[in-house]
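# Structural description and commentary
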Amino acid sequence: AFYRRFRPWTVSNPKSKNFMGVGAFNFTRRAFYEKAGTHQKLRMDVIDDMHLGRNLKEAGARQFVVYGPDLVWVQWVQGWQGVLKSLEKNAFAGFDYHWPQVVLATVAGFCLDVLPFIGIFFGGLFSPF
């Protein structure tokens with residue numbers, strides 16, 4: 001759902017309204033950081049990293065997303081409980097606290113990411129073969 005919602009491959013296009021922000025990797029120039037309102041503008045924001053990315057883009061900063069799995073490693077969460085806690089914190093905020101969007105994204109994610117595997121292993125209605 002994250003990639004469908006934020007479309008990171010489009011953020012480098014200055015005409016695109018899509019933005020990106022990742023807590024450990026928001027690198028920017030101080031001038032843009034100050035123009036974007038610094039973290040003072042993001043006080044008590046659950047997804048401050050994403051919103052910093054939005055504010056930077058709105059301030060005119062260029063954004064790029066780099067896929068570099070062999071360049072750097074950060075442990076995001078530990079175990080399934082960590083994943084669930086992170087989703088609990090970030091998912092609802094990531095959809096601007098709109099329940100219909102969260103439900104739609106959950107259903108779409110299940111249909112696109114889970115059902116095909118159920119079909120492969122168990123056949124039936126969801127089988128791709």
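These remarks concern the structure in this document.

## A word on a nonpolar patch on the surface
Residues Val22, Phe25, Phe27, Phe64, Val66, Leu71, Val72 and Val74 make up a contiguous nonpolar surface patch of about 890 Å² in total accessible area. Relative to the helices and strands, phenylalanine 64 is located in the loop between helix H3 (48–58) and helix H4 (79–94).

## Side note on unusual backbone geometry
Backbone geometry places threonine 38, a non-glycine residue, at a positive phi of 50 degrees. Along the polypeptide, threonine 38 turns up in the loop between helix H2 (30–35) and H3. Since its relative accessible area comes to 21%, threonine 38 is described here as partly exposed. We note that aspartate 96 has phi near 55 degrees; this positive angle belongs to a residue other than glycine. Note on aspartate 96: relative accessible area 38%, which makes it partly exposed.

## What about the packing of aromatic side chains?
Applying the stated criterion across every chain yields a total of 3 aromatic pairs. Their ring planes at 65 degrees and their centres at 6.2 Å tell us that phenylalanine 25 and phenylalanine 27 sit as a pair that is edge-to-face. With a centroid separation of 4.6 Å and 40 degrees between ring planes, the pair formed by phenylalanine 92 and tryptophan 99 is classed as tilted.

## A closer look at the nonpolar core
Formed by Phe6, Val11, Phe19, Met20, Ile47, Met50 and Ala93, the largest nonpolar core amounts to 7 residues. One finds Ala36, Leu42, Leu52 and Ala59 within the second-largest nonpolar core, a separate group that totals 6 residues.

The rules we used
- Residues numbered from 1 in each chain as written.
- Predicted model: local features only at pLDDT ≥ 70, side-chain atom pairs only at ≥ 80, totals over all residues.
- Heavy atoms only, no water.
- Patch = residues over 30% accessible without salt bridge, like charges linked within 9 Å, V, L, I, M, F, W, Y side chains within 5 Å.
- Areas by Shrake-Rupley, 256 points an atom, 1.4 Å probe, with all protein chains shown as cover.
- Salt bridge = Lys/Arg side-chain N within 4 Å of Asp/Glu carboxyl O.
- Helix = DSSP H or I, 4+ residues; strand = E, 2+ residues; numbered from the N terminus.
- Buried < 20%, exposed > 50% of the residue type's maximum accessible area, 1.4 Å probe, protein only.
- Phe/Tyr/Trp six-rings, centres within 6.5 Å; stacked < 30°, edge-to-face > 60°.
- Core = buried A, V, L, I, M, F, W, Y, C linked by side-chain atoms within 4.5 Å.

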